[in-house]
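Secondary and tertiary structure notes
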Amino acid sequence: MTLPLSYDRSNLRPRAAHLGVGAFHRAHQQGYYDDLARSSSNSSDSWGVVGVNLTPPDISDVHSAQDGCFNVLTEDGDGRECRTIGTLLRVSDAKDAAKVDWSGIEFVTLTITEKGYCHHAGGMELDLSKVAADLVNPENPHTAIGYLASMLERRRRAQGGPITLASCDNVADNGMLLGAVLQDYVARVFPDLSAWLNANVTFPTSMVDRIVPAMSTASRDRLQTACGHEDALGVVAEPFRQWVIEDRFAAARPAFEQVGVQIVDNLAPYEHMKHRLLNGLQSSYAELGRLCGHQGSYAASTDPDLACWASVFLASQATTLHCPKGENLTEYGLTSLKRLQNPTIHHPLNQIASDASFKLPQRIGAPAAERLERGLAATPQAMVIAGWALQGGDTRPDADGVVTADPMGPEIANLRARHAASAVDLAQAVLALPIWPSRLRDDAGFAADTAYWIQTFAGQPAEASRAKIGAF
Ligand code: NAI
Ligand code: CS2
């Protein structure tokens, strides 16, 4: 099915902003804004989005050259939809970001990646070393936290109104994290802003879901065939999508509930379900799948040995969850596996393994710790951490040139080199990293489990690792 643009873009009002206009934002949140614009009888009510990219890629020129429109192709084995989206009004890059007019903006979303919050991985504290330059020169910030603080300070001085900042990154308690790092930063550079922030800004937590791999030559070709022309901003994604937002808005918001967004009082069960089942499975495949010689999540999830392992892993993770209203954890797990088995989605394991030091604590470490607290084993989780201990910091490209990047990569690679002779020592060193819940460090059984799997996988050919995982 093809959905051409069906509304007049000039009627959209710039009432929303988004920081981090990457592939995900274009394929996910923009789709909901587009749904609203399509369904509104009076498109002058419709929300348009002003985008800001503080780090590369700079897409502002491409966006203008394409008259502000791009296509999103969603497909699975059963069907495909190619829609043209026009609700991204403009995009500013780092050099123009300070010029963006925020006076009419009431709702801001962020997908700036896990690293963008300038926090210590596994916690909620601002990492001062990451904002050092902005602390010295807060009027000319380079980080997202410094940028938000300067825009809010400008709004306060102009006696502007309340505003909602909704993080949509895959980090634990993303709203709480954003509020915590911003408050800490603001108290250091704009002390008068702290009270204003408390009174005028809310940070709802939100859970977003749609698998949107980075574009490849193959996906660009598929998109071009579907939409009939080259599209440098277009994205290919899976059909599934979900967006759940905590009901904590300081100002007006789009009528998202009309287009399927869930607005809830308690987000935690949704976030945990997604991080621990879908994302947990993806990260597990990123670590164990690479040990088995796979390059993408499709190959890993259709490997019978790994699919068999997945059922044990998902059941183990599910014991740490409260089922959100309207969901069924068993079905959610099965659907997660099926989504990864979508033959049209080529998600490189090296991409998923990137920033593992920020992802694994909430996806694997937290549920493992909760199981250990309850006297339950956490062996599938130990296997994933063992995989990371053996591969973290490996920057060799896959056959398509995709490389894993993680700020903690060099540290893991050093630990591996230092403890090459002893799986026990390597397990202890990796579990001693401050990113994990302390229970993982303190639990001798978990350390022994992790060491066992490091020993089992180390230096083994893919077939041997696959056999061990399948037999687990
Ligand atoms: P991408 O690589 O296409 O885009 C990354 C975006 O983040 C760019 O706009 C870039 O300017 C910005 N960014 C990167 N580092 C930054 C920093 N240090 N400070 C400020 N901005 C920064 O990645 P994509 O696919 O858009 O994913 C971004 C994030 O969205 C993920 O890290 C994740 O938290 C979240 N997400 C992604 C999903 C996916 O399937 N791709 C699904 C659900 C959530
Ligand atoms: C993936 C996610 O790269 C990764 O970390 O696990 O981006 C995943 O595709 C999304 O969270 C799905 O919503």
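Residues numbered from 1 in each chain as written. Chains lettered and ligands numbered in written order. Predicted model: local features only at pLDDT ≥ 70, side-chain atom pairs only at ≥ 80, totals over all residues.

The next thing to look at is the overall build of the protein chain. Broken down by element type, the protein chain carries 20 helices and 13 strands. Taking 472 residues into account, the globule formula puts the C-alpha radius of gyration at 23 Å, and the protein chain, at 22 Å, falls close to it. Projected onto its principal axes, the C-alpha positions of the protein chain cover 60 × 55 × 40 Å. Counting every position in the protein chain, which comprises 472 residues, the buried fraction comes to 50%. Of all intrachain contacts in the protein chain linking residues separated by at least 6 positions in sequence, the fraction that spans at least 24 positions is 78%. (Helix = DSSP H or I, 4+ residues; strand = E, 2+ residues; numbered from the N terminus. Rg over C-alpha atoms; globule rule 2.2 N^0.38 Å. Buried ≥ 20, exposed ≤ 12 C-beta atoms within 10 Å, placed from the backbone. Contact = placed C-beta atoms within 7 Å.)

In this section: the site of ligand 1. Close to ligand 1 lie 22 residues; G20, G22, F24, I112 and D169 are nearest. If one sorts the elements of the shell around ligand 1 by residue count, helix α1 (residues 23–27) sits on top with three residues. Class assignment for the residues of the shell around ligand 1 results in nine nonpolar, nine polar and four charged. (Near = placed C-beta within 6 Å. Nonpolar A, V, L, I, M, F, W, Y, C, P; charged D, E, K, R; others polar.)

Moving on to helix α5 (residues 144–157). Compared with an ideal rise of 1.5 Å per residue, which puts 14 residues at 20 Å, α5 spans 20 Å between its outermost C-alpha atoms and is within 8% of the ideal. In terms of residue burial, α5 counts as a mostly covered element, since 10 of its 14 residues are buried. Among all positions in α5, only A144, I145, G146, Y147, L148, A149, S150, M151, L152 and R155 are buried. Looking at the residues trailing α5, positive phi occurs at Q159, about 55°. (Expected span 1.5 Å × (residues − 1).)

The next thing to look at is the site of ligand 2. If you check the shell around ligand 2, you find N170, D209, R210, I211, N279, Q282, Q351, I352 and K359 and nothing else. Taken together, the elements giving at least two residues each to the shell around ligand 2 come down to α9 (268–291) and α13 (349–352).

What follows deals with the nonpolar core. Counting 127 residues, the largest nonpolar core has V108, I145, A389 and I454 as its most contacted members. In terms of residue count, the dominant contributor to this core is α9 (nine residues). Setting aside residues up to four positions removed in sequence, I454 forms contacts with A386, A389, L390, A423, L426 and A427. (Core = buried A, V, L, I, M, F, W, Y, C linked by C-beta atoms within 7 Å.)

Quick look at the sheet that holds strand β13 (residues 262–264) now. If you walk across this open sheet you meet the three strands as β10-β12-β13, and the pairing is mixed. In this open sheet, the two edge strands, each paired with only one partner strand, are β10 (206–209) and β13. On average, each strand axis in the sheet is tilted by 15° relative to the strand beside it, whichever way the strands run. Where strand β12 (residues 242–246) and β13 come together, three bridges link them in parallel fashion. Within the sheet, the bridge partner assigned to E246 lies in β13 and is V264. Where α9 meets the sheet, it contacts β10, β12 and β13, and its direction lies at approximately 40° from that of β10. (Pairing = 2+ DSSP bridges. Axes fitted to C-alpha atoms, helices over the stretch in contact; angles between N-to-C directions.)

On to the sheet that holds strand β9 (residues 201–202), then. Pairing is parallel across the open sheet formed by six strands, whose spatial order is β6-β3-β2-β7-β8-β9. Edge strands, defined here as strands with exactly one partner in the open sheet, are β6 (88–92) and β9. Examined bridge by bridge, strand β2 (residues 13–19) and strand β3 (residues 47–52) share six bridges and lie parallel to one another. Within β3, the residue paired with R13 across the bridge is W47.

Once that is clear, we can look at the UniProt feature "domain: Mannitol dehydrogenase C-terminal" (unreviewed entry) in the protein chain. The UniProt feature table records "domain: Mannitol dehydrogenase C-terminal" (unreviewed entry) at residues 266–450. As annotated, residues 266–450 comprises 66% helix and 0% strand, and the C-alpha atoms at either end are separated by 34 Å. (UniProt positions renumbered as here; feature names shortened; annotations may be inferred.)

What follows covers the environment of F107. Residue position: F107 is located in strand β7 (residues 107–110). Its 22 C-beta neighbours within 10 Å are what place F107 among the buried residues. Between the alpha carbons of F107 and W47 there is a distance of 9.8 Å; along the sequence they are 60 residues apart. Sequence-distant contacts of F107, defined by excluding residues within four places in its chain, comprise R15, A16, T164, A251, R253 and P254.

Here we take up the pairing of β6. For β6, the buried fraction is high: four of the five residues fall into the buried class. Across four bridges, β3 lies against β6 in parallel orientation. Paired with V50 across the bridge in β6 is R90.

Let us now look at unusual backbone geometry. Most of the time, phi is negative for any residue but glycine, and the peptide bond is trans. Cis geometry marks the peptide bond from P56 to P57, where omega comes out at 5°. Relative to the helices and strands, P57 resides in the loop between β3 and α3 (60–65). The phi torsion at T113 lies on the positive side, around 70°, for a residue other than glycine. Locating T113 in the fold gives a position in the loop between β7 and α4 (132–136). Owing to 18 C-beta atoms within 10 Å, T113 belongs among the partly exposed residues under this scheme. Positive phi, normally seen in glycine, also occurs at C118, with a value near 55°. Along the chain, C118 turns up in the loop between β7 and α4.

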